[in-house]
Amino acid sequence: MATEGIEGFHVATRNYGATAAFWSSLGFANVFETDHGSGQWVHPAGGPYILIVERHEGELTTYPILRVADSTAFAPDREPDFAQPFTARHWGVVEALVRDPDGRTVSLEAPLPDGVAASDA
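Residues numbered from 1 in each chain as written. Predicted model: local features only at pLDDT ≥ 70, side-chain atom pairs only at ≥ 80, totals over all residues. Heavy atoms only, no water.

Asker: Teacher, can you tell me more about helix α1 (residues 16–25) here?
Answerer: Three or more residues of α1 are buried, namely Y16, T19, A20 and W23. Here the buried residues of α1 occupy an arc of 100 degrees about the axis, which is enough to place them on one side. Where α1 is buried, its residues touch β1 (6–13), β2 (29–33), β3 (38–42) and β4 (49–54). For α1, the N-terminal cap is N15; the gap from its side-chain oxygen to the backbone nitrogen of G17 is 3.1 Å. Among the residues trailing α1, G27 stands out with phi positive, at a value near 100 degrees. (Buried < 20%, exposed > 50% of the residue type's maximum accessible area, 1.4 Å probe, protein only. Helix = DSSP H or I, 4+ residues; strand = E, 2+ residues; numbered from the N terminus. Arc of directions from axis to C-beta. Contact = heavy atoms within 4.5 Å. Polar contact = N/O pair within 3.5 Å; in protein donor to acceptor, adjacent residues only side chain to side chain.)

So, in structure tokens, the structure goes:
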């Protein structure tokens, strides 16, 4: 089993409020925010969501988030270059980061497997 397609986009920013206002002006609505400068935004017409994440250090990245039905059964035709294995996240999924042939990051998100708790990180 590979992926189920693009679910969202991760957008890093230096200013969550300004970036949220930008996406809001384009018709996206907030569906949840954290207390540490991140939130998920969706468009009422559908399509992938935008996950805005405030970062004050490092490179500002934007990358696709692909849905995986079951992280334990993930078996693409070609072995990916994992930058991070599937790891429990505080937003209730397990996430892996893989690199494409040019070194760009792609996020893979799957539901938490039975018995795995969401991370506080």
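The rest of the description comes next.
Asker: Would you mind going over the packing of aromatic side chains with me for this structure?
Answerer: Aromatic ring pairs are described here by two measures, namely the spacing of the ring centres and the angle between the planes. This structure, assessed with the given rule, holds three aromatic pairs. Both rings, one in F22 and one in W23, keep their centres 5.4 Å apart while their planes meet at 80 degrees; by these two values the pair is edge-to-face. Residue classification places F22 among the partly exposed residues on the basis of a relative accessible area of 45%. Ring geometry for W23 versus F28: centroids 5.2 Å apart, planes at 85 degrees, classification edge-to-face. Accessibility assignment for this pair places W23 and F28 in one class, buried. (Phe/Tyr/Trp six-rings, centres within 6.5 Å; stacked < 30°, edge-to-face > 60°.)

Asker: Quick question: what am I supposed to make of the layout of surface pockets here?
Answerer: Summary: where empty space remains is shown by rolling a probe the size of a single water molecule over the atoms. Estimates place the volume of the largest pocket at around 380 Å³. Classifying every residue of the lining of the largest pocket gives seven nonpolar, eight polar and four charged. Approximately 300 Å³ is the volume found for the second largest pocket. Lining the second largest pocket are 15 residues; nearest its centre among them are R78, P80, D81, V98 and R99. Of all the elements in the fold, those that place two or more residues in the lining of the second largest pocket are β7 (93–99) and β8 (105–111). Of the residues assigned to the lining of the second largest pocket, the class counts are nine nonpolar, one polar and five charged. (1 Å grid on protein atoms, 1.4 Å probe; cavity = no way out; pocket = protein on both sides within 12 Å on 5 of 7 lines; lining within 4 Å. Points joined across faces, edges and corners; volume = space filled by probe spheres on them. Nonpolar A, V, L, I, M, F, W, Y, C, P; charged D, E, K, R; others polar.)

Just distances and angles here, no functional claims.
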